[in-house]
Amino acid sequence: MEFEGINFKDQSLISVLNQIHAKYNYIPEEMMFDLSDRLKISLSKIYGVITFYTGFKLEKPGKHIIRVCTGTACYVNHSEVILEIMRDEFGIEEGKTTEDGKLSVDRVACIGACALAPVMELDGQMVGKLTKKKVMRVLREVFEDD
Amino acid sequence: MTEVRICKGTGCISSGAEKIANEFENLGIEVKQSGCHGLCSKGPIAIVDGVFYGDLKVKDVKLIVEDHIKNGKPVDKLLWDHYTKFEEIPFYKKQTRLILRNCGLIDPENIDEYINKDGYKGLRETLTIKPSDVIDSITRSGLRGLGGAGFPTGLKWKIGSEQKSNIKYVIVNADEGDPGAFMDRAILEGDPHSVIEGLIMGGYAIGATQGLIYVRQEYPLAIKRIKKAIDDAKERGFLGSNILDTDFCFEIEIHEGAGAFVCGEETAMIQSITGERGTPQLKPPYPAVKGLSSKPTIINNVKTWSAVSWIMLHGWEEFFKIGNENCHGTAIFSLTGKIKYSGLIEVPMGMTLREIIFDIGGGMEKGKFKAVQTGGPSGGTIPFDMLDTPVGFESMAKIGSIMGSGGMVVIDDSSCIIDFAKFFIDFCVDESCGKCIPCREGTFQLAKLLDQIITGKANEDTLKLLEELSFAIKNTALCGLGTTAPNPVLSTLKYYRTEYIEHLHGICKAGVCKGMYTIQINQDLCNQCGICQRGCPEEGAITGDRKTSFLIINDLCTECNACRLACPKQCIEVVQ
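My aim in this report is to walk through the structure given alongside it, one point at a time. (Residues numbered from 1 in each chain as written. Chains lettered and ligands numbered in written order. Predicted model: local features only at pLDDT ≥ 70, side-chain atom pairs only at ≥ 80, totals over all residues. Heavy atoms only, no water.)

## Some words on the interface of chain A and chain B
Line of reasoning, step 1. The interface is formed by 42 residues belonging to chain A together with 58 residues belonging to chain B.
Line of reasoning, step 2. Together chain A and chain B conceal approximately 4100 Å² of surface at their shared face, both sides included; 59% is due to carbon and sulfur atoms.
Line of reasoning, step 3. If you list the elements that add at least two residues to the side of chain A that touches chain B, you get helix H1 (13-24), helix H3 (43-52) and helix H4 (72-76) of chain A.
Line of reasoning, step 4. For the side of chain A that touches chain B, the element with the highest residue contribution is H3 of chain A, accounting for five residues.
Line of reasoning, step 5. Within the side of chain A that touches chain B, the residues separate by chemical class into 22 nonpolar, 15 polar and five charged. (Contact = heavy atoms within 4.5 Å. Buried area = accessible area lost by both parts, 1.4 Å probe. Helix = DSSP H or I, 4+ residues; strand = E, 2+ residues; numbered from the N terminus. Nonpolar A, V, L, I, M, F, W, Y, C, P; charged D, E, K, R; others polar.)

Below, the structure written as structure tokens:
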């Protein structure tokens, strides 16, 4: 058994992938090959694991990352409107990155800040109790930033 | 010496807690931090010598410093309903906080503050008694798994302890994936040592030397605080070799998840830890017999571990006393949705849903109560006339819901119950691991049927098929998540069948499903502010001006709801 009596962490593919992801914000394709060699795990399995977990991305994200929460409390408080504003006012589709590489927008199942619903996360910072005005302001700031 | 404690939970930080803390410091006042107080909707929160100040703005700080700190007079206009002691506030008064005992009261990053609250005292005593006596205490306390299933914790531990193996594992399940729930996050952020202490006790009881905390990577602050707590505990000799000068050795590792709801299921979690896709495995063998690396593994939820450290400190009798004859101790809920005060609450088992929603949660924010949903995607939707149901594992199952891990979302009459059920089914479609057909294909078909209903393409047969398919999934899916996935459909079909029938006739009274309603402005309520007109993206769909009155031209309206969301008076009504 490979885990007996030791530090699980260094042996776990997911922990390694998490570390790569923390560094690059995605898993570059060539790293999958390296990993496969180094960990002696088949490429297909690594690909399988990456695509199974929503936390792993295969495409390079934008400079800023927005994650819109679509959990129950946010749903009840009309979180779909936030994605609509991004699409209608700024032409950004969920799961995509803008052409200038400035912003990626993702939806996530729940970020656990339900009392602040509807809520989104901008580069790891929680922005809660969203209104149309607040979303517009945040997005404008993102686009003005160089 | 005045003590100023500022909540540094995720909710309060995003509401601007840092700015408040800085302002106090600028004015020469020392500030201590704490974890979540639970009342996240009132953030940022400061507790000044036991007095609760919520919804703070930077300019309020000066007033608090001048009047309260320097002159000893609480600032009445910043108090909540003139309450000077925060325990007296209705939101807190009806709560019994065992698991959340320290949340909001101590600095989670300072081990001394935990120790001052009798932290690790229980561990010291536990290590002097026999492991079998520890299991006996937990069994007698009546503690049941607070992750949702309600399996007796003592029994699980007994099974684990009886396994002959020199290597065993104990795991904290902090993969809180239920949408609309944040109990585990708040505990790990607010009082990480209570969980670590419980885990060490569990390791001692079943004979494990290795503990593991499996936590979602969506919770970076929780991860940071657990890491610090583990390091501090090690430094003080509560972790590592020969803990507190006994022969017992115990280590804890953190394992971060990668965003998969199904990994909250025990066997899927074990798969994930070993670096596999998180797919559930057939049970038995149960993890307590054959788990991680085929070794006996005890997995309990964050709340359960924190309860363990409380029980071992205060004695099983104290825990057993709380609650009713079927369920002992407390239950934690994250109370959210269209309620006045959302946040994290802990109540004795047996309290009614009505007390929770109307006394603690303060009732509806606006709108009329429609339903409360408990247990997330595995749970059910409970109507108004069932609100006298006491909180408990069996009582909630009896009415078609579950206790679940603690999500409690209240909806009002602006939510369509079918759209709501579809929200959960869509979630299950996204999160199904794909291993078994009933869940993978079944939930997908359920979503399609619900879609037919909300787009007006359904008839009586659709409802029959919906029911039939739901039971098929319930009876044949592999894991707990699959078998409970149809619950949101079944419970809404049971209690809100009229609403399903109305949809078959093209009527959505909530005004959610497109093409099934029209809207108009209630002229009696309207104050002619014109905000609806400015919010409307369609040229000419709202006519009129501020001098006369506004009118919605339904032929031009695209039902985008922009006006309804924008209206400050809620005077745009749904008509059929």
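## Things to note about the pairing of strand S1 (residues 4-7) of chain B
Residues and elements named next belong to chain B.
Line of reasoning, step 1. Every second residue of S1 is oriented toward a common face, with Val4 and Ile6 on one face and Arg5 and Cys7 on the other, all of them buried.
Line of reasoning, step 2. Bridge count for S1 against strand S2 (residues 31-34) is four bridges, and the pairing is parallel. Within S2, the residue paired with Ile6 across the bridge is Gln33. (Buried < 20%, exposed > 50% of the residue type's maximum accessible area, 1.4 Å probe, protein only. Pairing = 2+ DSSP bridges.)

## Describing the pattern of salt bridges
Residues and elements named next belong to chain B.
Line of reasoning, step 1. Counted according to the given criterion, the structure contains 38 salt bridges over all chains.
Line of reasoning, step 2. The partner of Glu265 in a salt bridge is Lys283, and the shortest N-O contact between them spans 3.5 Å. Placement of the pair is Glu265 in the loop between strand S7 (251-256) and helix H12 (266-273) and Lys283 in the loop between H12 and strand S8 (297-301), with a sequence separation of 18 residues.
Line of reasoning, step 3. Glu265 sits in the buried class, given a relative accessible area of 10%.
Line of reasoning, step 4. Linking Asp388 and Arg354 is a salt bridge whose minimum nitrogen-to-oxygen distance equals 2.9 Å. Here Arg354 lies in helix H15 (residues 353-360) and Asp388 lies in the loop between strand S12 (380-382) and helix H16 (393-398), a separation of 34 residues in the sequence.
Line of reasoning, step 5. Relative accessible area serves as the criterion here: at 48%, Asp388 is assigned to the partly exposed category. (Salt bridge = Lys/Arg side-chain N within 4 Å of Asp/Glu carboxyl O.)

In short, geometric facts, not functional conclusions.
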